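# Topology and contacts: notes
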Amino acid sequence: MEIWLPEIISLIEIAGILIIGVGLFKSFYHYIISSFTSRRYPIKLELANALALGLEFKMGAEILKTVIIRTMDEIIVLGAIILLRAILSLLIHYEMKVDHEYRGEKLEIKDQY
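Starting afresh in each chain, residues are numbered from 1 along the sequence in its written order. In keeping with the predicted nature of the model, local features appear solely for residues at pLDDT of at least 70, side-chain atom pairs appear and are counted solely at 80 or more, and the whole-chain, interface and lining totals rest on all residues. Only hydrogens and water are set aside when side-chain values are computed; all heavy atoms of the structure are taken into account.

## Remarks on helix 1 (residues 5-36)
Worth spelling out the cut-off: Here a strand is any run of E in DSSP of at least two residues, a helix any run of H or I of at least four, and the numbering for each starts at the N terminus. The length a helix should cover is 1.5 Å for every residue beyond the first. Buried residues are those whose accessible area, probed at 1.4 Å on protein chains only, stays under 20% of the maximum for their type, while exposed residues exceed 50% and partly exposed ones sit between those limits. What makes two residues a contact is simply this: any of their non-hydrogen atoms within 4.5 Å.
Over its 32 residues, helix 1 extends 47 Å from the first C-alpha to the last, a length consistent with the 46 Å expected when each residue adds 1.5 Å. All of the buried residues in helix 1 are Leu5, Ile9, Glu13, Gly16, Gly23, Ser27, His30 and Ser34. Among the structural elements, helix 2 (43-65) are those in contact with the buried residues of helix 1.

## Section: the pattern of salt bridges
The criterion, for reference: Within this document, salt bridges are pairs made up of a side-chain nitrogen of Lys or Arg and a carboxyl oxygen of Asp or Glu, the two lying within 4 Å of each other.
Under the counting rule described, the total for this entry stands at five salt bridges. Close ionic contact of Glu95 with Lys44 constitutes a salt bridge, the shortest N to O distance being 3.0 Å. You can see Glu95 sitting in helix 3 (residues 72-103) and its partner Lys44 sitting in helix 2, a full 51 residues away along the chain. A relative accessible area of 37% places Glu95 in the partly exposed class.

## Considerations on the side chain of Ser34
Put simply, the rule reads: Two N or O atoms count as a polar contact when they lie within 3.5 Å, although within protein this holds only if one can serve as hydrogen donor and the other as acceptor, and sequence-adjacent residues are included solely when both atoms are side-chain atoms.
By secondary structure assignment, the location of Ser34 is in helix 1. The class of Ser34 is buried, set by a relative accessible area of 8%. Among the polar contacts listed, one links the side chain of Ser34 to the backbone oxygen of Tyr31, at a separation of 3.1 Å. Once you skip the residues sitting within four places of it in the chain, Ser34 turns out to touch Arg39, Arg40 and Ile43.

## What about the packing of helix 1 against helix 2?
Applied cut-off: To define axes, lines are fitted to C-alpha atoms, for helices over the stretch in contact only, and angles between the resulting N-to-C directions are given on a 0 to 180 degree scale. An angle below 35 degrees is read as roughly parallel, one above 145 as roughly antiparallel, one from 65 to 115 as roughly perpendicular, and any other as oblique. Under the scheme applied here, ten amino acids are nonpolar (Ala, Val, Leu, Ile, Met, Phe, Trp, Tyr, Cys and Pro), four are charged (Asp, Glu, Lys and Arg), and all others, including Gly, are polar.
One way to put it is that helix 1 packs onto helix 2 with a least axis distance of 8 Å and a crossing angle of 170 degrees. For the element pair helix 1 / helix 2, the angle class is roughly antiparallel. Residue composition of the contact of helix 1 with helix 2, by class: 19 nonpolar, six polar and six charged.

## A short note on the environment of Ala48
Mapped onto the fold, Ala48 is located in helix 2. Residue class for Ala48 comes out buried when judged on its relative accessible area of 9%. Look past the residues within four positions of Ala48 in its chain and what remains in contact with it is Ile92 and Met96.

This is the structure in structure tokens:
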């Protein structure tokens, strides 16, 4: 487990980074297109979804890191990172909810289980 887990964690973190990067480029592309045309695209929602999903991947990698921790200092640092990412995720979800309510739509979060 100590041999393969760091590689798995790195792959999950890279997936989170890629999701955020693709979301940023896609949102920027739609921003540029909507600046020159009359088409409107939910840019904030697109970006918020990408950030939230990317943070979920990064948080999952941090949780997996708890398996290979050996000292209390590492646990404290990891706990702080997880807490900060959880707060960021909650803020992004709140922003998405407020944006939907501002538009007069109801945000539907579907249960995946």
